[in-house]
Amino acid sequence: MVLTLPIIKKTVQRTIKSINNTFFDIDNYAHECAVISELSSRLEDLTGIYWINGADIFTYQLRECCGEIIFETTDRAALINQLKTQLKAVK
């Protein structure tokens, strides 16, 4: 297979796009983790409700201080919304 300039250019562009998407995903994940950390800290201080990973790293649970599970999901966005809802209920 002969590598011509258009083939190399196309491959480089696809690689750059893939890298950019990966960094965007990492940045988005880091932002969601920071939001979860901040919201859960406030909620735990006010009510004793805390979040923990469930059976695996992709399962999130909200628990009361006695350990009872009050919410469980595999979606970080749903966890963030639930944390916000719980905080609004306290205020």
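Quick look at the structure, then.

Let us now look at the nonpolar core. Here is a general trend for soluble globular proteins: nonpolar side chains tend to be buried in one another's company. Core analysis: the biggest nonpolar cluster contains 11 residues, these being Ile36, Leu39, Leu43, Ile49, Tyr60, Leu62, Phe71, Leu79, Ile80, Leu83 and Leu87. Secondary-structure elements contributing two or more residues to this core are helix 1 (5–47), strand 2 (60–63) and helix 2 (76–90). If one sorts the elements of this core by residue count, helix 2 sits on top with 4 residues. Residues contacting phenylalanine 71, with those up to four places away along its chain left out, are Tyr60, Gln61, Leu62, Ala78, Leu79 and Gln82.

To continue, consider the pairing of strand 2. Looking along a regular strand, one sees side chains alternate from face to face of the sheet. In this sheet, strand 2 lies alongside strand 1 (residues 50–53) in antiparallel orientation, the contact comprising 4 bridges. Residue pairing for strand 2: asparagine 53 is matched across the bridge by tyrosine 60. Here strand 2 hands over to strand 3 (residues 69–73) after 5 residues, with glycine 67 in that stretch at a positive phi of 100°.

Checked against the element boundaries, leucine 83 lands in helix 2. Sequence spacing of leucine 83 and tryptophan 51 is 32 residues, and the spatial spacing of their C-alpha atoms is 9.0 Å. In contact with leucine 83, other than residues within four places in its own chain, are Ile36, Leu39, Ser40, Leu43 and Leu62.

Over its 15 residues, helix 2 runs 21 Å from end to end, which matches the ideal 21 Å to within 8%, given 1.5 Å per residue. Residues of helix 2 that are buried include every one of Leu79, Ile80, Gln82, Leu83 and Leu87, and no others. The buried residues of helix 2 occupy one face: seen down the axis, they fall within an arc of 165°. Among the exposed residues of helix 2, those pointing more than 90 degrees away from its buried face are Lys88 and Ala89. Residues of helix 2 that are buried sit in contact with helix 1, strand 1, strand 2 and strand 3. Of the residues flanking the start of helix 2, the one acting as N-cap is aspartate 75, its side-chain oxygen 3.2 Å from the backbone nitrogen of alanine 77.

Rules behind the numbers
- Residues numbered from 1 in each chain as written.
- Predicted model: local features only at pLDDT ≥ 70, side-chain atom pairs only at ≥ 80, totals over all residues.
- Heavy atoms only, no water.
- Core = buried A, V, L, I, M, F, W, Y, C linked by side-chain atoms within 4.5 Å.
- Buried < 20%, exposed > 50% of the residue type's maximum accessible area, 1.4 Å probe, protein only.
- Helix = DSSP H or I, 4+ residues; strand = E, 2+ residues; numbered from the N terminus.
- Contact = heavy atoms within 4.5 Å.
- Pairing = 2+ DSSP bridges.
- Expected span 1.5 Å × (residues − 1).
- Arc of directions from axis to C-beta.
- Polar contact = N/O pair within 3.5 Å; in protein donor to acceptor, adjacent residues only side chain to side chain.

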